[in-house]
Amino acid sequence: IVSRKAAKPTVDKQVSDEAEDAETNGESWGETADHEINETFQFKLIANITGDEDYEDYDKYRITFHDTWTEGITYEDIESVVVVSGGNTITLNKRQYGVLVGETGRTLTVTIYDLKAIDGVDLTKDTTVTVIYNAHLNEKAVIGNEDKNWNEVHLEYSNNPNWVGPV
């Protein structure tokens, strides 16, 4: 018998900009931004996990953001990690619930080892995990060409409730 899998999480990435800039249509978060060298700004990573009864089959549910950028962007630090689930808002830190933040070269990884272990998280309801971090353009940034200062994210997540190996 083949049973359907739970819905797949999605991930989005946005960058902060001054609200008065035309690129953001009056919002401070958008797909592009313009910043000066050494000016601190923020990136926002958003994992959307559609509520699904199938998540009850998981003993643990892990997600990992993998965010990679060009040599013209310098990572500074994590501003916040927030989970919203079923009307509950939970702010996490590095030591809570297995949140692990690592930065190697030009890649940031943020792992929450078990979303189901966090008080207030109910994966049968829509859940979002939002990571905001600070960065700046450094002397290697290409000015006037946003395509040369790329930055991308992908999301790794539990996809087999029967997996018994390490999480």
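Calculation criteria
- Residues numbered from 1 in each chain as written.
- Predicted model: local features only at pLDDT ≥ 70, side-chain atom pairs only at ≥ 80, totals over all residues.
- Heavy atoms only, no water.
- Helix = DSSP H or I, 4+ residues; strand = E, 2+ residues; numbered from the N terminus.
- Buried < 20%, exposed > 50% of the residue type's maximum accessible area, 1.4 Å probe, protein only.
- Contact = heavy atoms within 4.5 Å.
- Salt bridge = Lys/Arg side-chain N within 4 Å of Asp/Glu carboxyl O.
- pLDDT = per-residue confidence, 0-100.

1. Quick notes on the overall build of the protein
So, point 1. The helix and strand inventory of the protein stands at zero helices and 10 strands.
So, point 2. Looking at the 167 residues of the protein, the share that counts as buried comes to 41%.
So, point 3. Within the protein, contacts between residues separated by at least 24 positions form 74% of all contacts whose residues are at least 6 apart in sequence.

2. Here we look at the pattern of salt bridges
So, point 1. Under the counting rule described, the total for this entry stands at three salt bridges.
So, point 2. A salt bridge links Arg62 to Glu156, with the nearest nitrogen and oxygen atoms 3.8 Å apart. Residue Arg62 is found in the loop between strand 3 (40–49) and strand 4 (63–69), and its partner Glu156 is found in strand 10 (residues 151–157); the two are separated by 94 residues along the sequence.
So, point 3. With a relative accessible area of 22%, Arg62 lands in the partly exposed category.
So, point 4. For Glu156, a relative accessible area of 37% gives the class partly exposed.

3. Some points on the environment of Thr10
So, point 1. Within the element layout of this structure, Thr10 appears in strand 1 (residues 10–16).
So, point 2. Distance in space between the C-alpha atoms of Thr10 and Thr128 is 9.7 Å, their sequence separation being 118 residues.
So, point 3. Once residues lying within four places of it in the same chain are set aside, the contact partners of Thr10 are Ile46, Ala47, Asn48 and Leu155.

4. Considerations on the environment of Thr32
So, point 1. Structurally, Thr32 can be placed in the loop between strand 2 (29–30) and strand 3.
So, point 2. Among the residues examined, Thr32 registers a relative accessible area of 25% and is labelled partly exposed.
So, point 3. Between the C-alpha atom of Thr32 and that of Gln14, which follows or precedes it by 18 residues, the distance is 7.6 Å.

5. Thoughts on unusual backbone geometry
So, point 1. Positive phi is not limited to glycine here, since Asn38 has a value of about 70°.
So, point 2. Along the chain, Asn38 turns up in the loop between strand 2 and strand 3.

6. Remarks on the confidence of the model for the protein
So, point 1. Per-residue confidence for the protein gives a mean pLDDT of 83; residues scoring 70 or more make up 76%.
So, point 2. Mean pLDDT across the elements of the protein ranges from a minimum in strand 7 (residues 99–104), with 62, to a maximum in strand 3, with 95.

7. With respect to the side chain of Asn151
So, point 1. Within the secondary structure layout, Asn151 lies in strand 10.
So, point 2. Apart from the residues lying within four places of it in its own chain, the contact partners of Asn151 are Lys13, Phe43, Asp67, Thr68, Trp69, Ile73 and Tyr133.

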